[in-house]
Amino acid sequence: MDSVSLIILAITSFFIRQLYKLYQNYQDARKTGLPVILAPVDPYSFFWQISGNLSVPIVKKLPECLTLWCRVSDLSWSWAHGDRIHRKLGTSFMLASPGRNLLITSDPEVINTVLQNRKAFIKPDIYEPLNFFGRNVDTVNGEEWSRHRKLTAPCFNERVSGFVWDESTRQAQSMLAHWLSSNKGKLNSVHDDTRVVALHVLSAAGFGISHDFHGGARKPAEGYQMSHIESLMTVLNHLIMIIAFPWNLKFLNLLLPEKIRRIGTAVREFRRYMDDMITNERRAMAKEQGMSKPNLISALIRTSDEAKTSGASSSVRLSDDEIKGNIFIFNLAGHDTTANTLAYAFLLLALHPEYQEWVVEEIYEVLGKEEWPEYEKTHPRLKRIMAVMYETLRLYGPVPTIPRGIAPSNTHPSILLTSPSPSQPASTLVIPQTTNITLNIHASHTNSTLFPSPTTFNPKRWIHSSSASPTPQLSLSTETLLPPSQGFAPWSLGPRICPGMKFAQVEFSAVLSTVLRRVRVTASSKGAAPGVELTGPGLEAAKKELEGVIRDSGFMGVTLSMRRGGDAWVQCFER
Ligand code: HEM
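Residues numbered from 1 in each chain as written. Predicted model: local features only at pLDDT ≥ 70, side-chain atom pairs only at ≥ 80, totals over all residues. Heavy atoms only, no water.

Enquirer: Tell me about the overall build of the protein chain, and name the residues and values.
Expert: When helices and strands are tallied, the protein chain shows 23 helices and 15 strands. In terms of C-alpha radius of gyration, the protein chain reaches 25 Å, essentially the compact-globule figure of 25 Å for 575 residues. When the 575 residues of the protein chain are sorted by exposure, 53% land in the buried category. Partitioning the contacts of the protein chain with sequence separation of at least 6, the portion at a separation of at least 24 is 72%. For the protein chain, the computed accessible surface area is about 26,000 Å², with 58% contributed by carbon and sulfur atoms. (Helix = DSSP H or I, 4+ residues; strand = E, 2+ residues; numbered from the N terminus. Rg over C-alpha atoms; globule rule 2.2 N^0.38 Å. Buried < 20%, exposed > 50% of the residue type's maximum accessible area, 1.4 Å probe, protein only. Contact = heavy atoms within 4.5 Å. Areas by Shrake-Rupley, 256 points an atom, 1.4 Å probe, with all protein chains shown as cover.)

Printed below as a string of structure tokens:
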């Protein structure tokens, strides 16, 4: 047989095998009794992770009935569709592919059961790439997770929260001064500036390195080609490629184009930045005899080093590689998530001045004339700000879907589904063992049964007022922030709930209150004269444009963000 025939034979047998596996998986998926859609490729496969984005523009042009599989397996699309596809197919449905089956669900009961039960429903293998810098709390399962979580938990304490508050206030004041000093308060850099603030807060409260808003982490440190922020962002944006490429092979590096070589530089320098952080922190701890400033990394190193000195076995402490893995994950999980939430919130409040004034009423009442309000006295009372955060996360949460796999020990996985009506009993869903699960959190957040007028930005839905008081002061004191309702899980739920939730909440309320007490943020447009307030049709057109920019969001790196953040023009006016 000649080589061409051999290749044809190999390709044909590959496709026949794929078709057979698809048929088998389809039969398995049908047993669940849920609607099944067929996918020609496994959406979790390495091939699709790399090529998925490239094929989306082509697939987009084809009829929806043929491309549903692609639409539900692409993160940007699943966000853009909200719960539309679930309204068509049901709150839970199956996707059968040649690689594996996927249960895609927005059913709040299923979301809750899966997330509360970490031993039965585990982090699947797609998290493996995040171990590139070391194994960490986000990627591991079972006993290994318990150890990581126990040793990383002390990082998120009230001392750190107080420090997050102070640093966020300081950074927000500098950002505000920058906004007001240039172009008469007109700007299009909200999404960039909140990134700088979030990175600086993470640097200071996370890693003990304080930066000035201007410059700071944007400049390379001595002996580096890249700044910390550039190396981090390059790493985050090219994660899949970074994992696949042998960066250690120096001769291969030399043959690469400059653009790709810079990714290698980012990997090396980001690792060095982490090494520096650990060394500096250990040095500071030794000098200050354990009294260094409260931050995530000092808590991480201290807990781990204490375990080491007390002779604890490696099974109850973290190795230096694991410390690095966790620092990386704090960077990954704690930066863009909070930065983008802040950016969306500022822009949504520019679109909704009525809610901006509602929030400012609370800020005046709680902060008064205090220049440096104290964390303990202030943060817990900023309920309306927290309502704005909840509502922003409901509509623009950075993590719209959460993946899970079924643990090998969970041999008969079954879950109760939400009953269609109170009079009907809940039915049980039995899932084939090899299924992966996608918890479609964003679809649940935009389900009209759980959240009336689901696409409307309405932070007031999170506030309960116990009396209709004649004065705003009295009415504020009777207000309570409603606990997160069923189906609301921007920070996940259960034992693996985001440990950085409080960190993000404190940062959010400090930044928003610092800025909004001083300025009013309104929608503007590229052509508008700086310092001039738009009114009438001009304002309406600017709002429409801004709304378009916010809606044009998708997955950049690992979180949801605006594709054209530089087109989001706003105008600030001093109050
Ligand atoms: C608005 C901001 C944030 C949101 C919406 C958010 C959301 C989430 C979600 C949904 C998860 C669960 C992911 C999964 O199970 O697959 C998670 C996990 C995690 N987050 Fe956050 N996060 C935020 C901020 C932060 C911050 C500031 C930090 C740290 C500084 C952080 C650190 C982590 C870590 C370490 C995990 C893994 C926990 C585990 O698996 O036990 N996050 N976050």
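Still to come is the rest of the account.
Enquirer: Go over empty space enclosed by the protein, please, and point to the residues and values.
Expert: The gaps left among the atoms become clear once a water-sized probe is rolled over them. Scanning the entire structure with this criterion turns up three cavities of 30 Å³ or more. Volume-wise, the largest cavity comes out at about 90 Å³. Lining the largest cavity are 13 residues, and of these Val-72, Ser-78, Ile-85, His-86 and Asn-440 sit closest to its centre. When contributions to the lining of the largest cavity are tallied by element, the ones reaching two or more residues are helix H3 (64-73), helix H4 (75-81), helix H5 (84-89) and strand E9 (436-440). The residue inventory of the lining of the largest cavity, partitioned by class, reads five nonpolar, seven polar and one charged. One number sums up the size of the second largest cavity: a volume of about 40 Å³. Partitioning the lining of the second largest cavity into residue classes produces four nonpolar, four polar and two charged. (1 Å grid on protein atoms, 1.4 Å probe; cavity = no way out; pocket = protein on both sides within 12 Å on 5 of 7 lines; lining within 4 Å. Points joined across faces, edges and corners; volume = space filled by probe spheres on them. Nonpolar A, V, L, I, M, F, W, Y, C, P; charged D, E, K, R; others polar.)

Enquirer: Residue-level account of the sheet that holds strand E15 (residues 570-574), with values.
Expert: Sheet architecture is open: three strands sit in the order E5-E15-E12, paired in antiparallel fashion. Edge positions in the open sheet fall to strand E5 (186-187) and strand E12 (519-523), since each of these has one partner strand only. Of the strands in this sheet, E12 and E15 touch helix H16 (residues 336-351), which is tilted by about 75° from E12. (Pairing = 2+ DSSP bridges. Axes fitted to C-alpha atoms, helices over the stretch in contact; angles between N-to-C directions.)

Enquirer: So what about the packing of helix H17 (residues 353-367) against helix H22 (residues 501-516)? Which residues, and what values?
Expert: Relative orientation of the contacting elements H17 and H22 amounts to 95°, with a least axis distance of 10 Å. The pairing of H17 with H22 is recorded here as roughly perpendicular in orientation. Residues Gln-356, Val-359, Val-360, Ile-363 and Leu-367 of H17 touch H22, and the partners they reach there are Leu-512, Ser-513 and Leu-516. Across the contact of H17 with H22, the residue classes tally to six nonpolar, two polar and no charged. (Parallel < 35°, antiparallel > 145°, perpendicular 65-115°, else oblique.)

Enquirer: How would you explain the site of the ligand if you had to name every residue and give the values?
Expert: In the neighbourhood of the ligand, 29 residues make up the surrounding shell, with Tyr-127, Trp-145, Arg-149, Arg-404 and Cys-498 lying closest. Within the backbone of Ala-333, an N or O atom sits 3.4 Å from a nitrogen atom of the ligand. Where the shell around the ligand is concerned, the elements lending two or more residues are helix H7 (142-152), helix H15 (320-334), H16, strand E6 (401-406) and H22. No other element matches H15, which puts four residues into the shell around the ligand. Grouping the amino acids of the shell around the ligand by side-chain chemistry returns 18 nonpolar, six polar and five charged. (Near = heavy atom within 4 Å. Polar contact = N/O pair within 3.5 Å; in protein donor to acceptor, adjacent residues only side chain to side chain.)

Enquirer: Could you give an account of the coordination of the iron atom of the ligand, with specific residues and numbers?
Expert: Donation to the iron atom of the ligand from the protein comes from one atom only, Cys-498 (SG), at 2.3 Å. Along the polypeptide, Cys-498 turns up in the loop between strand E11 (479-481) and H22. (Donors = N, O, S within 2.8 Å, 3.2 Å for Na, K, Ca; no water.)

Enquirer: I'd like to hear about helix H8 (residues 158-181), residue by residue, with values.
Expert: Given a rise of 1.5 Å per residue, 24 residues ought to cover 34 Å, and the 35 Å separating the end C-alpha atoms of H8 matches this to within 8%. If you check the start of H8, you find a side-chain oxygen 3.1 Å away from the backbone N of Arg-159, and it comes from Asn-157. The first or second residue beyond H8 is Asn-183, which carries a positive phi of 55°. (Expected span 1.5 Å × (residues − 1).)

Enquirer: If you had to explain the nonpolar core to someone new, which residues and values would you point to?
Expert: In terms of nonpolar packing, the biggest core is built from 114 residues, with Trp-179, Ile-327, Phe-328, Phe-346, Leu-512, Leu-516 and Leu-546 touching the most fellow members. Counting residues per element, this core draws most heavily on H16, which supplies ten residues. Apart from the residues lying within four places of it in its own chain, the contact partners of Ile-327 are Phe-207, Met-274, Met-277, Ile-278, Ile-297 and Leu-300. Ala-96, Ala-120, Ile-415 and Ile-441 belong to the second largest nonpolar core, which has 21 residues in total. (Core = buried A, V, L, I, M, F, W, Y, C linked by side-chain atoms within 4.5 Å.)

Enquirer: Give me the lowdown on the layout of surface pockets, citing residues and values where you can.
Expert: The computed volume of the second largest pocket comes to approximately 420 Å³. Contributing to the lining of the second largest pocket are 24 residues, with Leu-395, Tyr-396, Thr-455, Glu-547 and Arg-551 lying nearest its centre. In terms of residues, the lining of the second largest pocket owes the most to one element, helix H23 (residues 536-551), which gives six residues.

All we've got here are geometric facts, nothing functional implied.
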